Every structure is written in C-alpha cells, then in structure tokens.
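The lines below spell out each chain.
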Amino acid sequence: MIKSAFKTYKKHKTPIKKWRNRLLLLGLVAFCTWYVNCLPDQLFNNSTSTVLLDKDGNLLGAKIAADGQWRFSPGKNIPSKFETCLLEFEDRNFYSHYGISAKGIGRAISQNFKHKRVVSGGSTITMQLARIMKKNPARTISEKVLEMMLATRMEIRFDKSEILNFYAANAPFGNNVVGLEAASWRYFGRNPNSLSWAESATLAVLPNAPGLIYPGKNHKRLLDKRNRLLKRLYDIKKIDETTFQLALSEPLPEKPLALPQLTPHLLARLIKEGYKGKTIQSTIDNNLQQKAVQLLQSHSERMQENKIYNGAVIITSVKTGKVLAYVGNTHSDNKEYSSDVDCIMAPRSTGSILKPFLYTKCLEDGLITPNMLVPDIPTQFGSFSPKNFTKQYDGAVAANKALARSLNIPMVRMLNEYGLEKFHRDLKNYGITTLHKPAKHYGLSLILGGAEARLDELCTAYTQMAQELKLGIKKDLLFVNEKNKKQNKRTKQKNNYKSKSDKASIYCTFQAMVDVNRPDEDGNWRAFSSSQKIAWKTGTSFGFRDAWAIGVTPDYVVAVWVGNADGEGRPGLTGIKAAAPLLFDLFAQLPRSQAWFTEPHEVMSNIAICAESGHRASELCGKTELTWMPKNCLNTTSCPYHQIVHLTKNNLQRVDSDCEAIYNMKHVSWFVLPPLIERYYKFNHPNYKVLPDFKPECLSKISDRAIVVLYPKPNSKIYVPVEINGKTGKTVFEATHRNINTKIYWHLDEEFIGATKEIHQLALNPTVGKHNLLLVDENGISLSMKFETLGK
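These lines cover the structure that appears in this document, whether it is placed above or below. The structure displayed is predicted, hence computed values, not measured ones.

Thoughts on the packing of helix α2 (residues 80–90) against helix α8 (residues 197–205)
Then step 1. One can describe the packing of α2 onto α8 by two numbers: an axis separation of 8 Å at closest approach and a directional angle of 45°. Comparing their axes, α8 and α2 come out oblique. For the element pair α2 and α8, the recorded crossing hand is right-handed. Across the interface between the two elements, K81, F82, T84, C85, L86, F89 and E90 of α2 pack against W197, S200, A201, L203, A204 and V205 of α8.

Points about empty space enclosed by the protein
Then step 1. One pass over the full model with this rule turns up 2 cavities of 30 Å³ or more.
Then step 2. Together, 15 residues line the largest cavity, and P74, G75, A168, A169 and E181 are the ones closest to its centre.
Then step 3. When residues of the lining of the largest cavity are traced back to their parent elements, those giving at least two are α6 (160–170) and α7 (180–188).
Then step 4. When its residues are assigned to classes, the lining of the largest cavity shows 9 nonpolar, 5 polar and 1 charged.
Then step 5. Considered as a void within the structure, the second largest cavity measures approximately 30 Å³ in volume.
Then step 6. Every residue along the wall of the second largest cavity is listed here: L296, H299, S300, M303, I308, Y309, N310, G311, T330 and V562.
Then step 7. At the level of secondary structure, the elements contributing two or more residues to the lining of the second largest cavity comprise α12 (286–303) and β6 (310–317).
Then step 8. Considering every element that reaches the lining of the second largest cavity, the biggest residue donor is α12, with 4 residues.
Then step 9. When its residues are assigned to classes, the lining of the second largest cavity shows 5 nonpolar, 5 polar and no charged.

A look at the sheet that holds strand β2 (residues 59–63)
Then step 1. Reading across from one edge, β2-β1-β5 is the order of the 3 strands in this open sheet, with mixed pairing throughout. Each of the sheet's edge strands pairs with one partner strand only, and the pair in question is β2 and β5 (279–281). Taken pair by pair, the neighbouring strands of this sheet meet at an average axis angle of 15°, ignoring direction.
Then step 2. The strands touched by helix α11 (residues 264–275) within the sheet are β1 (50–53), β2 and β5, with β1 carrying the most contacts at an inclination of about 120°.

With respect to the nonpolar core
Nonpolar side chains in soluble globular proteins tend to be buried together.
Then step 1. Core analysis: the biggest nonpolar cluster contains 80 residues, and I314, F357, L358, F423, I447, L458 and F510 have the highest contact counts within it.
Then step 2. At 8 residues, helix α18 (residues 455–470) tops the list of elements feeding residues into this core.
Then step 3. Judged by nonpolar contacts, the second largest core, of 56 residues, contains F72, L150, Y167 and F173.

Some remarks on the pattern of salt bridges
A pair can form between side chains of opposite charge whenever their charged atoms are brought close.
Then step 1. Following the criterion strictly, the structure yields 21 salt bridges and no others.
Then step 2. For the salt bridge of K231 with D235, the shortest nitrogen-to-oxygen distance reads 2.9 Å. Of the two residues, K231 and D235 are both situated in helix α9 (residues 219–235); the distance of 4 residues between them amounts to about one turn of the helix.
Then step 3. On the accessibility criterion, K231 (38% relative accessible area) is partly exposed.
Then step 4. With relative accessibility at 44%, the residue D235 sits in the partly exposed group.
Then step 5. We note a salt bridge from D546 to R348, for which the minimum N-O separation is 2.6 Å. Of this pair, D546 sits in strand β13 (residues 546–552) while R348 sits in strand β8 (residues 348–349); the two residues are 198 residues apart in sequence, bridging distant segments of the chain. This pair shows no difference in class: D546 is buried, exactly as R348 is.
Then step 6. Linked by salt bridges that have partners in common, R269, E273, R454, D456 and E457 make up one network.

Topic: the packing of aromatic side chains
Then step 1. Inspection of the entire model under this criterion finds 19 aromatic pairs.
Then step 2. Between F510 and F597, the ring centres sit 5.3 Å apart and the planes meet at 35°, which makes this aromatic pair tilted. Note that F510 is positioned in helix α20 (residues 503–514) and F597 in the loop between α21 (575–587) and β15 (604–610), a separation of 87 residues in sequence.
Then step 3. On the accessibility criterion, F510 (0% relative accessible area) is buried.
Then step 4. Residue class for F597 comes out buried when judged on its relative accessible area of 6%.

Basis of the calculations
Residues numbered from 1 in each chain as written. Predicted model: local features only at pLDDT ≥ 70, side-chain atom pairs only at ≥ 80, totals over all residues. Heavy atoms only, no water. Axes fitted to C-alpha atoms, helices over the stretch in contact; angles between N-to-C directions. Helix = DSSP H or I, 4+ residues; strand = E, 2+ residues; numbered from the N terminus. Parallel < 35°, antiparallel > 145°, perpendicular 65-115°, else oblique. Left-handed = near helix turned anticlockwise from the far one by under 90°. Contact = heavy atoms within 4.5 Å. 1 Å grid on protein atoms, 1.4 Å probe; cavity = no way out; pocket = protein on both sides within 12 Å on 5 of 7 lines; lining within 4 Å. Points joined across faces, edges and corners; volume = space filled by probe spheres on them. Nonpolar A, V, L, I, M, F, W, Y, C, P; charged D, E, K, R; others polar. Pairing = 2+ DSSP bridges. Core = buried A, V, L, I, M, F, W, Y, C linked by side-chain atoms within 4.5 Å. Buried < 20%, exposed > 50% of the residue type's maximum accessible area, 1.4 Å probe, protein only. Salt bridge = Lys/Arg side-chain N within 4 Å of Asp/Glu carboxyl O. Phe/Tyr/Trp six-rings, centres within 6.5 Å; stacked < 30°, edge-to-face > 60°.

Shown next as structure tokens:
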C-alpha cells in the first residue's frame, strides 16, 4: 500500500515540476524583456530654458523653462575640476563599479544602524541618476531595488562619460536650479569651465540635499560641507596646499545671481523664430554689445529731457554678414516707455533714409551722373508739393550734393523721372518687407518717408550693398551661427535681398554719403569730424517721430533709430541731432578700417563731364573734366545749358539777325539756366553770369506778343467746375508762344506751379478770390495778368 502511494506521488510530482520550471522560465524571459526595455529611449524629456550665448560661448541671456526651472541644455563636457569634486563627494568608485557599489551599500547600512536612522543611501551616481529620471519617488526598499536594476541597465547602455553628463545636466542644485550649466551661471555668473576649485566643490555638494542647502540657505552647513570636500582633495593630493588655502578663503555666494540680460529683444526674437528651449550660440560680440547698450542708454538719458524715450542699434560685419550687436530698445522700469518693444523689428516711417537706394538706381539707369545738376525749385506734382527741410531753394544742385544734403525736391524729381513703380519694386528687392500697399498708395512721398521700414531690413540692405562692392557677393545677415541655424527646422535658408546693384553705382553712392556737410540742418555736422572715413545717411520722418542714422565702412555697418515707441513726435527729433551723435560714438568703439572701398574701374568709364552742369560735356562746354563714373552714365544727356548767344562787339548786349548785322556780332558759348532755376541759383553761386540784356531795339521785336494767354482773359472772372460727385474739379488754363519749342514757366500768386513746352496747358483749381498769373519763358520774357475765381 505504501509503495502504491509513493508511486502515485511520483506520478503527480513530475507535471508540477514541469509547470514550475516553465513558469520560472517565463518569468525569467519576462524579466529579461523588461530589463532590456526598462529605460526609455530618451532618459529625460524635461523642458529646458532658452539660452543665448555670444560668439565665444558666454551667456548673453536666458528665459526660464516652461516648468519654472532654470534648466539649461547639457554642456559638451564636464569640467575636470567639477568631475573630481563630484566623484570624491558622491561616488569614489564610479569608474570601477557597474552601477551598484557593494562597499557603498555596506557603508550605508553600517552608518544607518549606528545612527539608528537613515543618514546614507549608499547610492552610486548611476543610481542617483535613475532616481532623478523617475522624478524622485518616495524612498522605499522596493524603489531602492528598482534603482539598482535601472542603474545596471544604464551602465550597459551608456559609457561612464555619458552617465556623468546626464547627471550633471539633470541633478538638482537647490532652489529652482537644475543642472551644472544653470547652477554655474546662477551662483557664480560664469561658464562651468571657468570655475575655481572652491566653486566646483560648492556645486558638487549641492545635489546631495538640494532642498536644504544651497547659496542663500543654511550658509554655515554649506560652507562646512564645501571645506570638508576641499580638505579631502588636499589629503589625496588633488590640490596643493596653496590652492587649498586659497580655496578655503573664497566666500560663498550669498544668493543666486540674476542672469545677464544683454540681449533680451534678440532672445525674444529667436524664441519666436523656433529656438525655444534651445541653447543658441549667436554671432554677438559680448564686449561690443555691452558698449552699445551703455552708449544707447546714456544717449537716451540725455534725450529724455526732450521726452524721447526709445532707441535701437544694430551693428553688422561687412565681411561675414554677422550681427555683432543687437540692442532692441532702451531699458526703463517705467512700463509707459515700452522698453519691451523690439524697435529693431518695428516698422517706422523712413524719412530720407531710402534716398541712397534711389540715387544708386538712377546711376544704374543712366539718368544722372554724380555731378549732374538737378533742379531745386518750387515743384508741384498734382496736389503734392515737396519742400526742402529749410523751405529754401538752390535753383539747381549736383545730384551727389542733393544726396549728401538730403534735399527733398531734387530727390522727388529724380524719383518721378526714374519711375515710382520701378523704385517700389526695387525696395522690395532690397529686402524691405513692409511695403504692403501698391506704389500709387505711397506716391512720390515714398522717398520722403511716405512708407515704413524696419531697422534690421535697412541695415541688411546697406550691409549687402557694401558686400557687393567689397566682396562681389552678398550674404544673409546672421544672428546665430550656422550650426544652430541648420538645427532649427523653422529657419529658412533664404536671402530677401534680390537686387543686383552695379558696383560702380554703389561706389559713387558711398562717395556721396561721405560728405557730411549738412548746412541745411543747423551745421551740426561739424561735431562729427573723424579721422575715419564713413559713408552715412540720416533720416527724419514727418512730424519728427523717427530719427535714423546709418553708417557704412568697408568693415562695418552701424544702424541707429531714435524716437518714441508709441509714435509721439518731439521737436528736435531729427536724424542729425538725435541719431547721428550716437552713430559716431558707436563707430568710435569699432576698429578703424585700414582702407576705403577700391574704386571699381573695371565697371567704370572715364567720361568727359561739363565742369559747370555736371552733364556729359558737349562741344559748347568751355571747361571739362575727365571723371571715373558708372558706364551707364554714357547714356545721360549731354549738357543742355551751354548755348551759343549773339552779343554786340563790346559783349554788353544780346542781339540777333533781326536787329543787328551779322558782321557786328560776337558768337559766345554761355552757361544759361532756365529763368526759374536761375532765379535761385544765382544767389547761391556768385560767379554765375546772367545773360546780358537784349539791345532795346531787338527786345521790342522779340517780346512783342511772344506770350499770349488764351484762357482766362486778363481781369476776367471765372468759375471752377463741380464734378458729378460734388467735388471741385479743375479748369484748363491755356497760353501760346511765338516759338513753339520755347518752354514756359507758370506761377500762380508767386508760387511755381509747373512748366509746359509746345502745348501750353495746365489744369488748375484756384481758390475763390483774386489771383495773379505770371508766365516766364526761357529768354526771361514774362507776362503777368490778374483774374478772379468766383464761388458756386
């Protein structure tokens, strides 16, 4: 019976053992599967601070992470001093264990038993990393076992340097500071690689109890911990006695330091452009940035006396296209002053700052030569009547002087001749993105500030003009280094600057901009004498709301805007007074260019120019000059002002064949300007010779009914028609001249209103009341008459 029972037992034991073995095998497979996959693909997926570095890796500014922690992206390597301190304090056997230290666990058990409480966890750095990865759960035996298993898996998956990097980047350092990079800047204000032994030791002891001890909390305990670690380093001969004593004497930081905020507006801009949460190495020169901030701030403090509170500066390198300084606004604690607005990106009225682009295009198009006289006289284009800053007229002025003096009337006339639509398209090709309306919306006032532009886009256009001239190529403006740019998926590799300008035209434009003589703006240019040659231009918007100044050398471009962010205008807010002084202060901080731009003779022609008119010389020009200028200047008109005049033998009177025998005449080449131009020109040019008067008997024949007004009749009363829409229309005034090719200049109440040739008609809408109409032809013959406009 016993034997039978034993046989029955053996019979049932075999399948139980098999199932147990199978379960054990299944459990082992499950454990191995879990173990292999127990670590996530990415150990840490925490939000990180957006960190902006200068070109050398120094901190310019940072924005706290989304979870409210100062957590920087991991550094490339762990500084040797910090690694030594950390391993001596936390895990002396780090390089010899595989995630678990039996010696450390034994020591922890002994210490905890001795003190009858938990005073040591025996965790290796790898185990601590596992705990940090799991968001620091409650300390239990099961959690400790799990940390051990995770630690061994980490040791298999990562090498020791990677584990150290993970730890240094994610360990808590007290308060809301996470990671070595953030801790180094928050507590010591510098890069981890620049830390001393005392500073490295301080940071090494913080992760051990980050909630209890950190700079600003439990100062004495932190100092004792640091000094014990330094003593340990001295005992094992990691540091010598001198270093040890010096380290002991170093004070602890009293509290976390405020992070630098040298480029807050650039940081905000880059966050919007897709760099949020990244560490960005910019192209900014730290020293130059600091100087630019200081200069703008001190300049702003002076301007505040006139209630001008904002300004912006951007400096670029011509050679590389890199932005070296970016100051988006002044600093103020008063929120009313809108210091948080990035004025570099804000569209503002351009004033005269676009004039160099028009001058360049007119040279390219063969419309002008640099010295060609351009009329500066009372001018009317429909309802638009441009005025110079001084409300005065020169009669005629050389094109390059018109640019240097920023005269409005000559530039408007040049724009009208060049073509409004074409220039509007050119500005877009220069990279100006703020022209949202069609050209006709802006009209000819486009060149005087009728449109808006951004400081960075203007700086880009001037920089790329300089690049075309100096390098023969143009480059994108760079705010961040190429590696960061490629890593940012939202960054588009594009160049908005599509305009291809002629090198010779750019050279002539910069030459004109070198002339800082601005007598039309109170002679303030005298304050800017400098040993450095700079091509520069100012701009002032209508209503004194915006002051611009942009300067160019072969090496740098400096762009300045000054004004109020809310658009409030102020008396004296002009480019020459408010922006130019800062421009030259900034150039004084830059290395001086060793040489000026090379004159590009390969794309220029040596052209004979009339010395008086600046046009291509005609055979009648008495004095000519050979001048290098763009080849397209060969297409300009020859001098229209030199003409043969017939004089009496004593040169005192003019005659013609109707009143003087040919053998009694002298035929002389004379520089003759049209009457209206001459009227203003002669006051500014004492050497200008006015034509002699006609001999009396000749004048009577020439002037007899030379000009006749067909409508209105002298002393008549007229009505101006009313359109269907109820608005006042225009009535056509008409005259005739004995010589059909003679030009007539029209004036209404002593105001120039236009010129006609061949068909002498003008559409006018004079106001109700009495008026005086004056017509003057090229020979100075005039006709004046009165008329009256009646109301409805």
